[in-house]
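Architecture at a glance
So you can see what is in the structure, the chains are spelled out below.
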Amino acid sequence: WFSNTELPEIRTLLLDLKKIDTNSPKSTISSTYRMGELIFIRANRFFEEPIIQFTKNMTDSQISQMEEHFGELRRKREEEREEESRDFKQRLLENYESGFKRVGIGLNQEQLSLIDLKLNEYIEVRDEWSNLQEDWINQFINLVRQNKQDDYESKLSNYLRSIQDLGGPEFRKKVDRNERL
């Protein structure tokens, strides 16, 4: 499914980015971002039913193993963050540059300077996002522990869709502002 329906769309988006008008890139970037979000939502919905069916049959032991795995992933991510010597803004700039390189777009010094300038307005939400993810995963695991209840499928379906709306109004404002940069 993904290869046949979504990858061609992703390819088209990347080709559009390669042909971007550097004098007025904002509309192309905004459109590409919105299309990327729609692909993300469709992919999540595609995997929703298999996740529900798979987790319905998980044993307590398997759920505990899943919980341990998520905990280990979080610990590794936190260790990597602590060991990171570059500041967050520098890493973001490097991520932008390498992301554009991956799709065949080399940024010139003026473009890098513009991104760097915009990143000065960036509000770091990494810690908040990490905490929200941890809470979401913990609630997910607790919900999976209820996999024998009659209303499990609808509860899990609703919960899986809730990941797109993590955080309260203040957090969402920060994220939206960062996305507009």
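Preceding this paragraph is the structure being described.
Structural notes, computed from the coordinates. Along each chain, numbering runs from 1 in the same order as the chain's sequence is written. With pLDDT at 70 or above as the cut-off, local features in this predicted model cover only qualifying residues; side-chain atom pairs require 80 or more to be listed or tallied, and sums for whole chains, interfaces and linings still use all residues. Side-chain numbers here rest on the full set of heavy atoms in the structure, without hydrogens or water.

Glancing now at the packing of helix α2 (residues 26–56) against helix α7 (residues 152–161). An axis is simply a line fitted to the C-alpha atoms; with a helix, the fit covers only the stretch in contact. Between two such axes, the angle follows the N-to-C directions and lies from 0 to 180 degrees. Helix numbering and strand numbering both begin at the N terminus, where a helix is a DSSP run of H or I of at least 4 residues and a strand a DSSP run of E of at least 2. Close contact between α2 and α7 brings their axes to 10 Å; oriented N to C, the two are set at 135°. Classified by the angle their axes make, α2 and α7 are oblique. As α2 packs across α7, the resulting crossing turns out to be right-handed. Across from R45, E48, E49, I51, I52, Q53, T55 and K56 in α2, the residues of α7 making contact are Y152, E153, L156, S157, L160 and R161. In the contact of α2 with α7, the residues fall into five nonpolar, three polar and six charged. Geometric relationships in this document are graded by angle, where less than 35 degrees denotes roughly parallel, more than 145 denotes roughly antiparallel, 65 to 115 denotes roughly perpendicular, and other angles denote oblique. A crossing counts as left-handed when the near helix is turned anticlockwise from the far one by less than a right angle, and as right-handed when that turn is clockwise. Residue contacts follow a heavy-atom distance rule, with two residues in contact if any of their heavy atoms lie within 4.5 Å. Each residue gets one label: Ala, Val, Leu, Ile, Met, Phe, Trp, Tyr, Cys and Pro are nonpolar, Asp, Glu, Lys and Arg are charged, and the others, such as Gly, are polar.

A separate point is a positive patch on the surface. Patch definition: residues with relative accessible area over 30% and no salt bridge; like charges joined within 9 Å; nonpolar side chains (Val, Leu, Ile, Met, Phe, Trp, Tyr) joined within 5 Å. Reported accessibility uses the Shrake-Rupley method at a 1.4 Å probe radius. Residues are deemed covered only where the shown protein chains occlude them. The salt bridge definition used is simple: a Lys or Arg side-chain nitrogen within 4 Å of an Asp or Glu carboxyl oxygen. This count recognises Lys and Arg as positive and Asp and Glu as negative, with His and chain-terminal groups excluded. One atom stands in for each charge, and that atom is NZ of Lys, CZ of Arg, CG of Asp or CD of Glu. Taken together, the side chains of K26, K118, R177 and R180 define a basic patch exposed on the protein surface. By secondary structure assignment, the location of R180 is in helix α8 (residues 169–180). Classification of R180 by relative accessible area gives exposed; the value is 58%. The cut-offs for exposure are 20% and 50% of the maximum accessible area for each residue type, with area from a 1.4 Å probe on protein chains only; residues under the lower value are buried, those over the upper are exposed, and the others partly exposed.

With respect to the helices, strands and loops of the structure, F70 is situated in helix α3 (residues 60–83). On a C-alpha basis, the gap between F70 and I137 in space is 7.8 Å, while along the polypeptide they are 67 residues apart. Beyond its immediate sequence surroundings of up to four residues, F70 is in contact with I137 and I141.

Aromatic ring pairs: the centre-centre distance and the angle between the two ring planes describe each pair. For this analysis, a ring pair means two rings from Phe, Tyr or Trp (six-membered ring only for Trp) whose centres lie within 6.5 Å, classed as stacked if their planes differ by under 30 degrees, edge-to-face if by over 60, and tilted for the remaining angles. Taken as a whole, this structure holds five aromatic pairs when the rule is applied. With 5.9 Å between their ring centres and 45° between their planes, F88 and Y122 make a pair best called tilted. Separated by 34 residues along the polypeptide, F88 in helix α4 (residues 88–102) and Y122 in the loop between α5 (109–119) and α6 (126–144) bring together distant segments of the chain. Among the residues examined, F88 registers a relative accessible area of 16% and is labelled buried. Aromatic side chains W129 and F171 sit 6.2 Å apart centroid to centroid with 0° between the ring planes, which places their arrangement in the stacked category. Within this pair, whereas W129 is found in helix α6, its partner F171 is found in helix α8, the two being separated by 42 residues in sequence.

A few words on the pattern of salt bridges. As enumerated under the stated definition, the model contains 13 salt bridges in all. With a closest N to O distance of 2.9 Å, R126 and E124 form a salt bridge. Given the relative accessible area of 40%, E124 is considered partly exposed. K174 is the partner of E128 in a salt bridge, and the nearest nitrogen-oxygen pair spans 2.9 Å. Linking E128 in helix α6 with K174 in helix α8, this pair joins segments that are 46 residues apart in sequence. Assessed through its relative accessible area of 25%, K174 is described here as partly exposed.

Attention now moves to the nonpolar core. Ranked by size, the top nonpolar core spans 14 residues in total, and within it I63, M66, W136, F140, V144, L156 and L160 carry the most contacts. Those elements giving two or more residues to this core turn out to be α3, α6 and α7. Ranked by residues supplied to this core, first place goes to α6 with five residues. Once you skip the residues sitting within four places of it in the chain, L156 turns out to touch I52, T55, F140 and L143. Membership of the second largest hydrophobic core comes to nine residues, among which are L93, V103, I105 and L112. Only buried Ala, Val, Leu, Ile, Met, Phe, Trp, Tyr and Cys residues count toward a nonpolar core, and they belong to the same one when joined by side-chain atoms within 4.5 Å.

This next bit is on the packing of α6 against α7. Close contact between α6 and α7 brings their axes to 10 Å; oriented N to C, the two are set at 170°. When the interaxial angle is binned, α6 and α7 end up roughly antiparallel. Only Y152, K155, L156, Y159 and L160 of α7 make contact with α6, whose side of the interface consists of D135, W136, Q139, F140, L143 and V144. Looking at side-chain class alone, the contact of α6 with α7 contains eight nonpolar, one polar and two charged residues.

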